[in-house]
Amino acid sequence: DAKTTQPTSMDCAEGRAANLPCNHSTISGNEYVYWYRQIHSQGPQYIIHGLKNNETNEMASLIITEDRKSSTLILPHATLRDTAVYYCIVLNNAGNMLTFGGGTRLMVKP
Amino acid sequence: GAVVSQHPSWVICKSGTSVKIECRSLDFQATTMFWYRQFPKQSLMLMATSNEGSKATYEQGVEKDKFLINHASLTLSTLTVTSAHPEDSSFYICSAYSPTGSKNIQYFGAGTRLSVL
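All of these numbers come straight from a predicted model, not from anything done at the bench.

Some details on the overall build of chain A
In terms of helices and strands, chain A carries zero helices and nine strands. In chain A, the order of α-helices and β-strands from amino to carboxyl end is β-β-β-β-β-β-β-β-β. A compact globule built from 110 residues would reach a C-alpha radius of gyration of about 13 Å, and chain A, at 13 Å, matches this within 12%. Along the first, second and third principal axes, the C-alpha set of chain A runs to 40 × 30 × 25 Å. Counting every position in chain A, which comprises 110 residues, the buried fraction comes to 44%. A sequence separation of at least 24 residues applies to 57% of the contacts in chain A between residues at least 6 apart.

Written out as structure tokens, the structure reads:
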């Protein structure tokens, strides 16, 4: 599975949109982009995933570039409870083993 | 989303004792479950893949005789840390794979914090 690169940390003001980038330049055609987050001392939580089209659900939006080499997770109105480590993971849909990198530590500030 | 229950949420034990952690998929059948370990300020590291009715597959460097995994049913996997030592103190997290439709999503338990004295 392709590796991903994410910034180590980001800050966001409460109520503003949080845009978390992820680079996955070696992604192959059958690999999906998955996003999970881990709030302190809890298990990871699935957020969203996509192949090539932009996706939106009740938690977030996922924007994938046309060449699929990068993506952005958007939390439209960040709250303090969105403070967490966000993991971008690329995975072949036939596989199910998640490999967690360092993720991005998002700090939402009042 | 699907619910995965993990128990206990935290445990303190004496060195040399064994600790069992349970992972249950509450509203779906999980043919595959995963066990992770997370040390402070580090990311999750996969320990083993647990398949119902067969032996678990362990990642390199994980001692299978120390971390016993049993996946006896489609809704329950257990991890037993045998003869625990202080260096086994960590946050243990399980997940279950729910291949519903075209999705390939893992749902995680809340984790078990193990402290070995």
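Once you've had a look at it, read on.
With respect to the interface of chain A and chain B
Often, the extent of an interface is quoted as the loss of accessible area on bringing the components together. On the side of chain B, 21 residues touch chain A, which itself brings 20 residues to the contact. Of the roughly 1500 Å² buried between chain A and chain B, counting both surfaces, carbon and sulfur atoms make up 52%. Considering only the side of chain A, the residues that lose the most area to chain B are A:Asn96, A:Met97 and A:Phe100, jointly responsible for 30% of the buried surface there. Our count for the chain A to chain B interface comes out at five residue pairs in polar contact (both at pLDDT 80 or more). Listing elements by their share of the side of chain A that touches chain B, those giving two or more residues are β3 (31–38), β4 (45–50) and β8 (84–92) of chain A. Classifying every residue of the side of chain A that touches chain B by side-chain character gives ten nonpolar, ten polar and no charged.

Concerning the pairing of β4(A)
Residue and element names in this part refer to chain A. Of all six residues in β4, five are buried; the element is thus mostly enclosed. Two elements, β3 and β4, share five bridges in a ladder whose sense is antiparallel. Note on β4: the bridge partner recorded for Tyr34 is His49. Where β3 folds back onto β4 in an antiparallel hairpin, the turn is made up of six residues, including Ser41, whose phi is positive at roughly 65°.

Section: the state of the cysteines
Residues and elements named next belong to chain A. Counted according to the given criterion, the structure contains two disulfides over all chains. Put simply, Cys22 and Cys88 are joined by a disulfide, and their sulfur atoms are 2.1 Å apart. Here the disulfide of Cys22 and Cys88 is left-handed, its torsion about the S-S bond being about -80°. Of this pair, Cys22 sits in strand β2 (residues 18–23) while Cys88 sits in strand β8; the two residues are 66 residues apart in sequence, bridging distant segments of the chain. The pair Cys22 / Cys88 is uniform in exposure class, with both members buried.

Describing unusual backbone geometry
With an omega of 0°, the peptide bond between B:His7 and B:Pro8 qualifies as cis. Here B:Pro8 shows up in the loop between β1 (4–7) and β2 (10–13). Unlike most non-glycine residues, A:Arg68 shows phi in positive territory, near 65°. Along the chain, A:Arg68 turns up in the loop between β6 (61–64) and β7 (70–75). With relative accessibility at 10%, the residue A:Arg68 sits in the buried group. For B:Lys41, which is not glycine, the phi dihedral falls at a positive 60°. Note on placement: B:Lys41 falls in the loop between β4 (32–38) and β5 (45–51).

Structural notes on the nonpolar core
Judged by nonpolar contacts, the single largest core of 45 residues is most densely connected at A:Tyr36, A:Leu98, A:Phe100, B:Tyr36, B:Phe108 and B:Leu114. At six residues, the largest contribution of residues to this core is made by strand β9 (residues 90–98) of chain B. The contact partners of B:Leu114, leaving out residues within four places of it in the chain, are B:Val11, B:Cys13, B:Val19, B:Val81, B:Asp88, B:Ser89, B:Ser90 and B:Tyr92. Counting residues in hydrophobic clusters, the runner-up holds 21 residues, among them A:Cys12, A:Ile48, A:Leu62 and A:Tyr86.

Conventions adopted
- Residues numbered from 1 in each chain as written.
- Chains lettered and ligands numbered in written order.
- Predicted model: local features only at pLDDT ≥ 70, side-chain atom pairs only at ≥ 80, totals over all residues.
- Heavy atoms only, no water.
- Helix = DSSP H or I, 4+ residues; strand = E, 2+ residues; numbered from the N terminus.
- Rg over C-alpha atoms; globule rule 2.2 N^0.38 Å.
- Buried < 20%, exposed > 50% of the residue type's maximum accessible area, 1.4 Å probe, protein only.
- Contact = heavy atoms within 4.5 Å.
- Buried area = accessible area lost by both parts, 1.4 Å probe.
- Polar contact = N/O pair within 3.5 Å; in protein donor to acceptor, adjacent residues only side chain to side chain.
- Nonpolar A, V, L, I, M, F, W, Y, C, P; charged D, E, K, R; others polar.
- Pairing = 2+ DSSP bridges.
- Disulfide = S-S within 2.5 Å.
- Core = buried A, V, L, I, M, F, W, Y, C linked by side-chain atoms within 4.5 Å.

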